Amino acid sequence: AVVSFHYMTTGNIWTSYDYGVTWTSRATSQSWYGIAMSSDGRIQTATVLGGNIWTSYDYGVTWTSRATSQDWRFIAMSSDGRIQTAVVGIGNIWTSYDYGVTWISRATSRNWRNIAMSSDGRIQTASIYSGNIWTSYDYGVTWTSRTTINYFWWGIAMSSDGRIQAAAANGDRIYVSYDYGVNWIRRASNRGWYGIAMSSDGRIMTAVPPGNTICISYRDWE
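Just so it is clear, the model here is predicted, and its values are computed rather than measured. (Residues numbered from 1 in each chain as written. Predicted model: local features only at pLDDT ≥ 70, side-chain atom pairs only at ≥ 80, totals over all residues. Heavy atoms only, no water.)

Caption draft 1: Quick look at unusual backbone geometry. In this structure, I90 is a non-glycine residue whose phi angle is positive, near 55°. Its place among the elements puts I90 in strand β7 (residues 84–96). Phi at A107 takes a positive value of approximately 55°, unusual for a residue other than glycine. (Helix = DSSP H or I, 4+ residues; strand = E, 2+ residues; numbered from the N terminus.)

In structure tokens:
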């Protein structure tokens with residue numbers, strides 16, 4: 001699934017249909033925080049910090065309010081858009097199996113920060129602002145705590161099959177897992193990482209630390 005990160009204090013959603021060359025303002029002005037879309041771009045879902053979840057089924061042109069008002073953070077969805085999971089800061093994990101129309105509360109209340117999932121939605125990994133990494137292998141129904149150290153986990157990403165995963169620890173390093181999030185290996189240097197993304201096969205990763213640097217990895221780690 002393709003997941004992008006978008007945050008603005010107050011403003012609109014903007015869409016582009018020409019590879020990011022030109023942009024069109026959409027939706028109403030709100031404190032948008034996270035956004036995800038299906039692999040074909042038709043289904044899109046956005047979260048509002050202290051507001052609702054919003055869905056679009058026409059490539060981001062029109063938007064409908066969903067779920068209840070909460071401190072929504074980031075969101076991820078399966079490649080077809082049917083399975084979606086959103087995390088709440090000081091709240092629960094919420095899952096949807098009907099393209100974002102209805103939402104079910106999962107896990108226990110924690111300071112959730114980020115979420116990633118495999119293309120079919122079965123494997124999901126969530127990070128906590130200050131705590132452990134958690135994994136789910138049943139479409140977000142049950143969750144298991146991973147890692148034995150607590151960090152400010154800001155960014156998380158995974159390959160399309162969910163086997164390769166990477167988490168960015170603010171105040172430490174990048175951690176990588178090659179077994180669906182069970183075990184994690186410390187990589188890169190300590191740069192106070194904020195966000196990370198990877199290709200569908202997990203080979204190419206791009207991460208951002210504070211400042212004006214972008215770091216890219218092309219290595220076959222194994």
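Caption draft 2: Geometry of a nonpolar patch on the surface. On the surface, Y17, Y59 and V61 cluster together into a nonpolar patch covering about 290 Å² of accessible area. Examined against the element boundaries, Y59 turns out to sit in the loop between β5 (44–56) and β6 (64–77). Its relative accessible area of 39% is what places Y59 among the partly exposed residues. (Patch = residues over 30% accessible without salt bridge, like charges linked within 9 Å, V, L, I, M, F, W, Y side chains within 5 Å. Areas by Shrake-Rupley, 256 points an atom, 1.4 Å probe, with all protein chains shown as cover. Salt bridge = Lys/Arg side-chain N within 4 Å of Asp/Glu carboxyl O. Buried < 20%, exposed > 50% of the residue type's maximum accessible area, 1.4 Å probe, protein only.)

Caption draft 3: Summary view of the packing of aromatic side chains. If you walk through the whole model with that rule in mind, you get 10 aromatic pairs. Centroid distance W72 to W94: 6.0 Å. Interplanar angle 70°. Geometry classified as edge-to-face. With W72 in strand β6 and W94 in strand β7, this residue pair connects regions lying 22 residues apart in the sequence. According to the relative accessible area criterion, W72 is buried, its value standing at 0%. For W94, a relative accessible area of 19% gives the class buried. Between the aromatic rings of Y129 and F152, the centroid separation amounts to 4.8 Å while the plane-to-plane angle is 65°, which identifies the pairing as edge-to-face. A residue pair is termed long-range when its members are at least 10 positions apart, and Y129 in the loop between β9 (124–128) and β10 (131–136) and F152 in strand β11 (residues 144–158) qualify at 23 residues. Exposure remark for Y129: the relative accessible area of 29% places this residue in the partly exposed category. Among the aromatic residues, ring-to-ring pairing joins Y129, F152, W154 and Y194 into one connected group. (Phe/Tyr/Trp six-rings, centres within 6.5 Å; stacked < 30°, edge-to-face > 60°.)

Caption draft 4: Up close: the pattern of salt bridges. Throughout the structure, instances matching the rule amount to 1 salt bridge. Here D71 makes a salt bridge to R73, at a shortest N to O gap of 3.0 Å. The class for R73 is buried, based on a relative accessible area of 14%.

Caption draft 5: The pairing of β5, seen in detail. In terms of residue burial, β5 counts as a mostly covered element, since 10 of its 13 residues are buried. In terms of strand pairing, strand β4 (residues 32–37) meets β5 through 4 bridges, oriented antiparallel. Residue pairing across strands places M37 opposite Q44, the latter belonging to β5. Here β4 folds back onto β5, and the loop between the two strands holds 6 residues, one of which, G41, carries a positive phi near 85°. Bridge analysis of β5 against β6 gives 5 bridges, and the strand direction is antiparallel. Among the inter-strand pairings, G51 is bridged to a residue of β6, identified as Q70. (Pairing = 2+ DSSP bridges.)

Caption draft 6: Fine view of the nonpolar core. Core analysis: the biggest nonpolar cluster contains 13 residues, and V87, I93, W112, I115, A126, W134 and W143 have the highest contact counts within it. Those residues within four positions of I93 in sequence are excluded, and the remaining contacts are T85, A86, V87, I104, S105, R106, A107, W112, A126 and W143. Among the nonpolar cores identified, the runner-up in size contains 12 residues, and A157, I164, V176 and W193 belong to it. (Core = buried A, V, L, I, M, F, W, Y, C linked by side-chain atoms within 4.5 Å. Contact = heavy atoms within 4.5 Å.)

Caption draft 7: The arrangement of the environment of R146 in detail. Checked against the element boundaries, R146 lands in strand β11. You can call R146 buried: its relative accessible area is 16%. Considering only alpha carbons, one finds R146 and V182, 36 residues apart in sequence, at a separation of 6.3 Å. Excluding residues that lie within four positions of it along the chain, R146 makes contacts with N132, I133, W134, T135, Y137, G181, V182 and W184. Among the polar contacts listed, one links the side chain of R146 to the side chain of T135, at a separation of 2.9 Å. (Polar contact = N/O pair within 3.5 Å; in protein donor to acceptor, adjacent residues only side chain to side chain.)

Caption draft 8: Local environment of the environment of D98. Relative to the helices and strands, D98 is located in the loop between β7 and β8 (104–117). When the C-alpha positions of D98 and V61 are compared, they lie 20 Å apart, and in sequence the two are 37 residues distant. Within the structure, D98 has its side chain in polar contact with the side chain of S96 (distance 2.9 Å).

Shape descriptors only; they carry no functional weight alone.
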